[in-house]
Amino acid sequence: MENPYVPYPVRIDDISIATEDKSLKTFRFVFKSPEDETKFSYKAGQFAELSIPGLGEIPIGIASSPTEKGFVMFTVFKTGKVTQYLHSMKVGETMGIRGPLGNWYPWDTLKGKNILIIGGGFAFTTLRSSIKMMLDPANRANFGQIDVVYGARTPGMLLYKDELVEWEKRDDIRMHLTVDTEAPNWNYHVGFTPTITEKVAPQASDDTYAIVCGPPIMIKFTLPVLEKLGYKNDHIIMSLENRMKCGIGMCGRCNIGRELVCKDGPVFTLDQINTTPKEY
Amino acid sequence: MIDYTENIRKISGDLLKNGKVDVVIGYKRGTLPGINEPFLAKTPEDAEKLVWDSQCRLNLANYLTGRKENVAIIAKGCDSRNVVTHIVERRVTRDQVTVIGVPCTGMTDKNKVKQLAGGEILELTEKNGKITVKTRKGERSADKSELLQSNCANCLHRNPVINDIPFADPVPEINTARNDDEIKKIEAMNPAERWAFFDDLLSTCTRCYACKNACPLCYCPTCFVDESQPQWVGKGDDPVDVRTYHTLRAFHCAGRCTDCGACEAACPMNIKVRLLTGKLEKSCYERFGWEAGLTTDVRPALDTFTTHDPEEFIK
Amino acid sequence: MKILHIDRASWDKGVLASAETYQLTGPVKEKDFYEFKDLKKGEMPDMSGSDTRLSPKALVFPKSEVMITFSTDPNDPECNIMKETKKEYPKRAVIGIRPYDARALQLLKLNFDNGDYQDPYFLKAYDAITFVGLAVNQPSATDFSTSCGTGPFDEKGLDVLLVDAGEEGDYFAKIITPKGEAWAKAAGFTKEAGSDAATRIEGMKKAAEDQIVSTVAFDKIAKKTILELFEADHWESTAFACINCGTCTYACPTCWCFDIQDENFGTKGVRIKNWDSCMTGLFTMHGSGHNPRQYPYQRTRQRFMHKLKYFTDKYDQGIMCVGCGRCVRQCPANIDIREICKTMNK
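This section reports on the structure supplied with the text. The shown structure was predicted, so the numbers you read here are calculated from the model rather than taken from an experiment.

## Re the overall build of chain A
Argument step 1. A tally of helices and strands in chain A yields eight helices and 15 strands.
Argument step 2. Dimensions of chain A, computed from C-alpha atoms along their principal axes, come out at roughly 50 × 45 × 35 Å.
Argument step 3. The proportion of buried residues among the 280 residues of chain A is 61%.
Argument step 4. For chain A, restricting intrachain contacts to residue pairs at least 6 apart in sequence, the fraction spanning at least 24 positions comes to 69%.
Argument step 5. Working note: accessible area of chain A is about 11100 Å², and carbon and sulfur atoms make up 50% of it.

This is the structure we're talking about:
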């Protein structure tokens, strides 16, 4: 019987500071056993439990795309006991990863459709996974128009800046990067994510889906914008966060109504979320 | 002897009718024999549900903390002292609270009642100081005085110390001095015996925290057992963690505890946690002549100091 | 179905004989209350103690269980590599468990074997057990098991059902599964009961069920939507008395929430699964400090919504309650699930 509590051992292969205030770091992990990497086959939208023996675990969205082989990547915000320690770890150290966990963005439904991705702050991780996956030559033809609205407080707080700039130059994806207030050498939008969304988002249609990922405040103001633009609730896809422990749907902690965010989610449509208690 | 329940209903109903208070904290009849459910009456109709008897074992001051509206509370002697403590510790303001004080002749010990019954209690009636329990095998009765919780048998303050609506005559106090016999027995043990005693005492603890949650003093937004950065106490059943929890909590109650017994009444495993808090209250009494919650004019013993405080440890 | 007759002398002899090949577990008095404990050599289960204080769920889901061990010694080549703690799961006979407690373990299993993942600790412990249940002749006034899809003589989840055969200490033993058959064989119980045994058992079953005075109904709860029940305006007053201590969750045979904690001893460490309770303040506290169930009444509401609605909708196995009555009897503030069910079922 596979033991879902035992993590795959991984080696920290690379650590980079992800934001100018150093509150986020991006980690690349390599599985110590190649078979584990195969077992860890994942889809964009899923998460994993990063496991530090002696301290605990944290559920983090997978930032690398399934098209990127040989490593998995996560961007982690320093906020508590475990993340604090993780931020102090060095390349070469060992820790554990459990997963992949949760459901993924509904790629089957999204095939052939136009996608509007709206991300805020450091919730952009699984969105990077999604974009990278969609832009891969093997997959790009499966999707229609791709729009990405991504905002942060300042340019230095945007994740994966280099990649964002590269994507901005491409003609098979429309990037709409924004920061809250004017900044030197900033060539893109200025304004809060919901405001920019209203400006640049494509009109709603049966063939257009929105994926929204961000802090509660951004969600609060973005959903009315989407509603105004005509997006139906079953065409708005969100990824929720909740306090988790087991990640496998057993400890009972992360439920919203009858759905367990770690197993029935974290990806839900707005339709589904509207029929459950908002305990997240 | 006057009917407390009738009076409590009338007084509460009136207070709610004329808007003097927004809510009344009291008890309503429980769904099982021998227990009552703490109840928040919001309307005069609600007030008709209030009851009072010798099975009101929890401390209603526990439900007072943090309330923002005008609230009346049905308070027996010990509860009233916790209302005082809440006022001193600024959990509520004096103006907010209307104390409907109940002179108390003690609460029954749930285990003594169980023992009297000798089987599942199907009905419990209380009349004129007599408790009658009915089981499948028949009925048994006993005088309430034989069934009292030990804190009630040793009570020094049966009459409310703060009372806005004294509807009943005070009852005679039955004790004039602390009864610390149980504590003294432990004090007489040598360290090894004491260690074994406490190990055994706490051996069945499930860390449900019923004791802490029933206690009106335990209102910290984050209890020390819940701190995670850093984590102070483990969450498993390691005896070290169980002991840490109980002893530390007792110390946090030192100088504030009124020996209301809600902790022991709440404990599902019948652990005599008052042996820990009792020791600390005995200490406060002996060193500082201190009893918690008697007046709103003085801060708790461990909250302040005077130049007369005994200091034999530095002499 | 085979029904055996076991007289008093044979019972004692047989149980001890089965101890040769089974680890026996039965009710043992610990201070004031009975709990299910592993029996020592020669120790008999106390069949008068089947109504344990806490439910027997600790047999498959211990209060505190080490799952994973690891070394944090930087000189150890296996440093930080987490491994499943090796455990033995010897064949066990749990004797004297009540039918509704055995049924409850089946409901627990729905959680620990959820179609996508399997909890090996729970499942290995569960599979190693042969459940020898004891029917309830005299249900408590707080027993509402017949409303919950089980009952005093229910056979779900049991391998053998023992029924008092009238004479002091004699039992009828209904052999329900091959596992039960194997245990009876190991105990040397072979005497088949008379042809009237089945009828007599039916009669006792009916007599016990007739004594049940407590019922709950949840037909309307099943029809209402989750939001309707969740947003009902009674919750704050329903939950007023609740002190969120969690006694109910610990005593309950169907409550399964747990916590995972790491503990270190020098350079060795363990990862532990501990019982946890949705009633506690920390249960849903986010690292950011945001708590979706910040107020105690929200947590009380969660428990009852889970037990009476979310579980019902999700698993189609009725409510997440077997009507044992422990929570009702043990709650210090008299929160009564039967009353709450009534309120929700209006």
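## Description of the overall build of chain B
Argument step 1. Looking only at helices and strands, chain B features 11 helices and eight strands.
Argument step 2. Overall, the C-alpha framework of chain B stretches about 60 × 50 × 40 Å when taken along its three principal axes.
Argument step 3. Here chain B holds 315 residues, and the buried ones make up 52% of them.
Argument step 4. Partitioning the contacts of chain B with sequence separation of at least 6, the portion at a separation of at least 24 is 66%.
Argument step 5. A gap of 2 Å separates the mean positions of the 44 positive and 45 negative side-chain charges of chain B.

## Quick notes on the interface of chain C and chain A
Argument step 1. Contact with chain C, which involves 49 residues of that partner, is made by 45 residues of chain A.
Argument step 2. It is M82, Y117 and K314 of chain C that lose the most area in chain C upon contact with chain A, and together they represent 16% of the buried surface on that side.
Argument step 3. Between E57 of chain A and R271 of chain C there is a salt bridge whose closest N-O contact spans 2.9 Å.
Argument step 4. Taken together, the residues of the side of chain C that touches chain A sort by class into 22 nonpolar, 14 polar and 13 charged.

## Here's the deal with the nonpolar core
Argument step 1. Judged by nonpolar contacts, the single largest core of 171 residues is most densely connected at Y5 of chain A together with W52 of chain B.
Argument step 2. Counting residues per element, this core draws most heavily on helix α2 (residues 99-112) of chain C, at seven residues.
Argument step 3. What Y5 of chain A contacts, discounting residues up to four positions off in sequence, is R98, C246, I248 and M250 of chain A together with M67, I68, D119, P120, Y121, F258, I260 and K273 of chain C.

## Concerning the pattern of salt bridges
Argument step 1. Under the criterion given, the structure shown has 55 salt bridges over all chains.
Argument step 2. Between E182 of chain B and K185 of chain B there is a salt bridge; the shortest N-O distance is 3.2 Å. Within this pair, E182 of chain B and its partner K185 of chain B are both found in helix α6 (residues 181-187), separated by three residues, close to a single helical turn.
Argument step 3. With a relative accessible area of 46%, E182 of chain B lands in the partly exposed category.
Argument step 4. A relative accessible area of 52% places K185 of chain B in the exposed class.
Argument step 5. Residue R274 of chain B pairs with D259 of chain B through a salt bridge whose shortest N-O separation is 2.6 Å. One end of the pair, R274 of chain B, is in helix α11 (residues 274-288); the other, D259 of chain B, is in the loop between α9 (239-253) and α10 (262-266), with 15 residues separating them in the sequence.
Argument step 6. By relative accessible area, D259 of chain B is classed as partly exposed at 27%.
Argument step 7. Salt bridges linked by common partners bring E57 and R98 of chain A together with D262 and R271 of chain C together as one network.

## Comments concerning the packing of helix α10 (residues 296-315) of chain C against helix α12 (residues 337-344) of chain C
Residue and element names in this part refer to chain C.
Argument step 1. For the pair α10 and α12, interaxial distance at closest approach is 11 Å and the crossing angle is 65°. When the axis of α10 is compared with that of α12, the two are roughly perpendicular. The two elements α10 and α12 cross, and the hand of that crossing is right-handed. Counting all contacts with α10, which are made through F304, M305, K307 and L308, the residues of α12 involved are I337, I340, C341 and M344.
Argument step 2. Grouping the constituent residues of the contact of α10 with α12 by class yields seven nonpolar, no polar and one charged.

## With respect to the sheet that holds strand β6 (residues 123-127) of chain B
Residue and element names in this part refer to chain B.
Argument step 1. Taken in spatial order, the three strands line up as β6-β7-β8 in an open sheet, and their pairing is antiparallel. What marks the edges here is a single partner per strand, and that holds for β6 and β8 (138-143). Adjacent strand axes in the sheet meet at a mean angle of 20°, parallel and antiparallel pairs treated alike.
Argument step 2. Pairing of strand β7 (residues 130-135) with β8 involves six bridges; the strand directions are antiparallel. In the sheet register, V133 faces β8, and the bridge partner there is R140.

## Some words on the packing of α9 of chain B against α11 of chain B
All names here are of chain B.
Argument step 1. In contact at an axis separation of 9 Å, α9 and α11 are set at 35° when each is read in the N-to-C sense. The hand of the α9/α11 crossing is right-handed. In contact with H246, T247, A250, F251 and C253 of α9, α11 contributes L276, T277, L280 and E281.
Argument step 2. Classifying every residue of the contact of α9 with α11 by side-chain character gives five nonpolar, three polar and one charged.

## Focus on the side chain of T135 of chain B
All names here are of chain B.
Argument step 1. In this fold, T135 is placed in strand β7.
Argument step 2. A polar contact of 3.1 Å, which involves the side chain of T135, links it to the backbone nitrogen of K137.
Argument step 3. With residues near it in sequence (within four places) discarded, T135 still touches A117, G119, E120, I121 and L122.

## Focus on the environment of I196 of chain A
All names here are of chain A.
Argument step 1. As for its position among the elements, I196 is in helix α6 (residues 193-200).
Argument step 2. Under the relative-accessibility criterion, I196 is labelled buried at 0%.
Argument step 3. With 87 residues separating them in the primary sequence, I196 and T109 have C-alpha atoms 26 Å apart.
Argument step 4. Beyond its immediate sequence surroundings of up to four residues, I196 is in contact with V149, H176, T178, H189, V190 and G191.

## Quick look at the sheet that holds strand β12 (residues 236-239) of chain A
Residue and element names in this part refer to chain A.
Argument step 1. Ordered in space as β10-β9-β8-β7-β11-β12-β15, the seven strands form an open sheet in which the pairing is mixed. Lying at the two open borders of the sheet, with one neighbouring strand each, are β10 (189-190) and β15 (267-269).
Argument step 2. α6 rests against β7 (114-120), β8 (146-152), β9 (174-179) and β10 of the sheet, and its axis sits at about 155° to β8.

## Comments concerning the environment of W235 of chain C
All names here are of chain C.
Argument step 1. Structurally, W235 can be placed in helix α8 (residues 235-238).
Argument step 2. Remark: the alpha-carbon pair of W235 and I340, spanning 105 residues in sequence, is separated by 9.4 Å.
Argument step 3. For W235, the residues in contact, after removing those within four places along its chain, are L229, F230, Y297, R301, F304, M305, I340 and M344.

## With respect to helix α4 (residues 110-117) of chain B
Residues and elements named next belong to chain B.
Argument step 1. Every buried residue belonging to α4 is among V113, L116 and A117, and all of these are buried. Buried residues of α4 fall within an arc of 95° about the axis and therefore sit on the same side.
Argument step 2. Here the buried face of α4 lies against β6, β7 and β8.
Argument step 3. Here α4 starts with a cap whose side-chain oxygen sits 2.8 Å from the backbone nitrogen of N111, and that cap is D109.

Conventions adopted
Residues numbered from 1 in each chain as written. Chains lettered and ligands numbered in written order. Predicted model: local features only at pLDDT ≥ 70, side-chain atom pairs only at ≥ 80, totals over all residues. Heavy atoms only, no water. Helix = DSSP H or I, 4+ residues; strand = E, 2+ residues; numbered from the N terminus. Buried < 20%, exposed > 50% of the residue type's maximum accessible area, 1.4 Å probe, protein only. Contact = heavy atoms within 4.5 Å. Areas by Shrake-Rupley, 256 points an atom, 1.4 Å probe, with all protein chains shown as cover. Lys, Arg positive; Asp, Glu negative; His and termini not counted. Charge placed at Lys NZ, Arg CZ, Asp CG, Glu CD. Buried area = accessible area lost by both parts, 1.4 Å probe. Salt bridge = Lys/Arg side-chain N within 4 Å of Asp/Glu carboxyl O. Nonpolar A, V, L, I, M, F, W, Y, C, P; charged D, E, K, R; others polar. Core = buried A, V, L, I, M, F, W, Y, C linked by side-chain atoms within 4.5 Å. Axes fitted to C-alpha atoms, helices over the stretch in contact; angles between N-to-C directions. Parallel < 35°, antiparallel > 145°, perpendicular 65-115°, else oblique. Left-handed = near helix turned anticlockwise from the far one by under 90°. Pairing = 2+ DSSP bridges. Polar contact = N/O pair within 3.5 Å; in protein donor to acceptor, adjacent residues only side chain to side chain. Arc of directions from axis to C-beta.

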